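Next come the chains, spelled out residue by residue.
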Amino acid sequence: MDLIIDEKKIEGLLTANHAVPDANGLTREGRVFFIGANLPIHSTLETMYESYCQESSDLFHITFGDAVKFEENLEMLRQIKRNFSIRLMGRIGYRLSELQIQRTYLSGLDILDMPVSPHEDDDSGSIGSCAVPSKYKAATEIFPHWSVVSSIQIGQCTPRAVHERIGELLRNGIIPLLDAARKNVTWNEQTVIACYRFIAAEWHRHRVPLKSIVPLLRLTTPFVLAQKTGYLRDVIEKLDDRRILAASDLRRHLRTRDAEASFESAGL
């Protein structure tokens, strides 16, 4: 997959001229459905179903609210997974315990996005360290390989800090993404473009599979994804994607049964 930067898209990204994940919003843009986990479940599912019948989506992106609503948000996740056979990506902006991470996976989340600041402190409390906090390592042990991503807010620190964080995430099996949709981004456009070129090169160097998040990349990055197209190729790719998603759901089902058996044996 070739990643070509369209410099005209940069201005739109910096002014958040696209759908921004919101725990209280419901919007559809391109092939992505952005869902707020704080919304009422039943009416939201009805609206989603009507929209999905009119035009299908390639990715559902659900955003959790505050930590106090974790259980309610988890139920929204479960209901979406039960009613739609589609890849689910979820953004959770607060620190999760290992058990909470496991529950998000078992409830149906396929891709977990845990945003990070380039200068976020690690578990030792050392500010400025590029060590990836344990919450990310725990997530990579629970979710399948390359199914954990981390959105990095750019423009509020040095490009070097962002580059270092990108490298550290990749070395730990986490896909870094760049979040430029902030009105207080202080970088100029050329610096932002250079950062996107850097992350594209690092994705390629680490052979990161981006196919599952391509619908999101089309919306939230300046990349124009050059892919070979054709009716037969498109059909084969769709069938292969369905196979991968079905295999993922089967692994989750088996993991869920193991977890339930463990709880029963412990008398929980």
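Everything quoted here is computed from the prediction, not taken from an experiment.

Enquirer: Looking at this structure, I do not really get the sheet that holds strand S8 (residues 175-179). What am I missing?
Expert: Hydrogen bonding along the main chain pairs the strands of a sheet, whether they run parallel or antiparallel. Ordered by their spatial adjacency, seven strands build an open sheet running S2-S3-S4-S5-S6-S7-S8, and the pairing between neighbours is mixed. Only two strands of the sheet have a single neighbouring strand rather than two, namely strand S2 (26-29) and S8. Strand-to-strand twist across the sheet, computed as the mean angle between neighbouring axes with direction ignored, equals 20 degrees. For strand S6 (residues 111-113) and strand S7 (residues 148-153), the ladder comprises two bridges, and the chain directions are parallel. In the sheet register, Leu112 faces S7, and the bridge partner there is Val148. Taken strand by strand, helix H2 (residues 41-54) contacts S2, strand S3 (32-36) and strand S4 (59-63), and its axis lies near 20 degrees from that of S2.

Enquirer: I'm lost on H2 in this one. Help?
Expert: Along an α-helix, residues three or four apart share an orientation, since each turn contains 3.6 residues. When the terminal C-alpha atoms of H2 are compared, their 20 Å separation across 14 residues agrees well with the 20 Å that a helix rising 1.5 Å per residue should span. Listed in full, the buried residues belonging to H2 are Thr44, Leu45, Met48 and Ser51. One side of H2 holds all its buried residues, which, seen down the axis, span an arc of 130 degrees. Away from its buried face, by an angle of more than 90 degrees, H2 presents the exposed residues His42, Glu46, Tyr49, Glu50, Cys53 and Gln54. On its buried face, H2 is in contact with S2, S3, S4 and helix H3 (70-83).

Enquirer: Can you help me understand the packing of H2 against H3 in this one?
Expert: Two measures define how a pair of helices packs: the angle their axes make with one another and the distance between the axes. Remark: H2 packs on H3, axes separated minimally by 11 Å, with the N-to-C direction vectors making an angle of 35 degrees. With respect to the hand of their crossing, H2 and H3 are arranged in right-handed fashion. Contacts between H2 and H3 involve Ile41, Thr44, Leu45 and Met48 from the former and Glu75, Met76, Gln79, Ile80 and Asn83 from the latter.

Enquirer: Could you clarify how one ought to interpret the nonpolar core in this entry?
Expert: The nonpolar side chains of soluble globular proteins are, as a tendency, buried together. Core analysis: the largest hydrophobic core is formed by 73 residues, its most contacted members being Ile80, Tyr196 and Trp203. Among the elements that make up this core, the one with the highest residue count is helix H7 (residues 189-205) (seven residues). The contacts of Trp203, once residues within four sequence positions are left out, are Leu3, Leu170, Ile175, Pro176, Leu177, Val208, Leu210, Leu217 and Phe223.

Enquirer: Sorry if this is basic, but what is going on with unusual backbone geometry here?
Expert: Negative phi is the rule for most residues except glycine; trans is the rule for most peptide bonds. Residue Trp146 is not a glycine yet carries a positive backbone phi of 60 degrees. With respect to the helices and strands, the residue Trp146 is situated in the loop between helix H5 (134-142) and S7. Owing to a relative accessible area of 13%, Trp146 belongs among the buried residues under this scheme.

Cut-offs applied
- Residues numbered from 1 in each chain as written.
- Predicted model: local features only at pLDDT ≥ 70, side-chain atom pairs only at ≥ 80, totals over all residues.
- Heavy atoms only, no water.
- Pairing = 2+ DSSP bridges.
- Helix = DSSP H or I, 4+ residues; strand = E, 2+ residues; numbered from the N terminus.
- Axes fitted to C-alpha atoms, helices over the stretch in contact; angles between N-to-C directions.
- Contact = heavy atoms within 4.5 Å.
- Expected span 1.5 Å × (residues − 1).
- Buried < 20%, exposed > 50% of the residue type's maximum accessible area, 1.4 Å probe, protein only.
- Arc of directions from axis to C-beta.
- Left-handed = near helix turned anticlockwise from the far one by under 90°.
- Core = buried A, V, L, I, M, F, W, Y, C linked by side-chain atoms within 4.5 Å.

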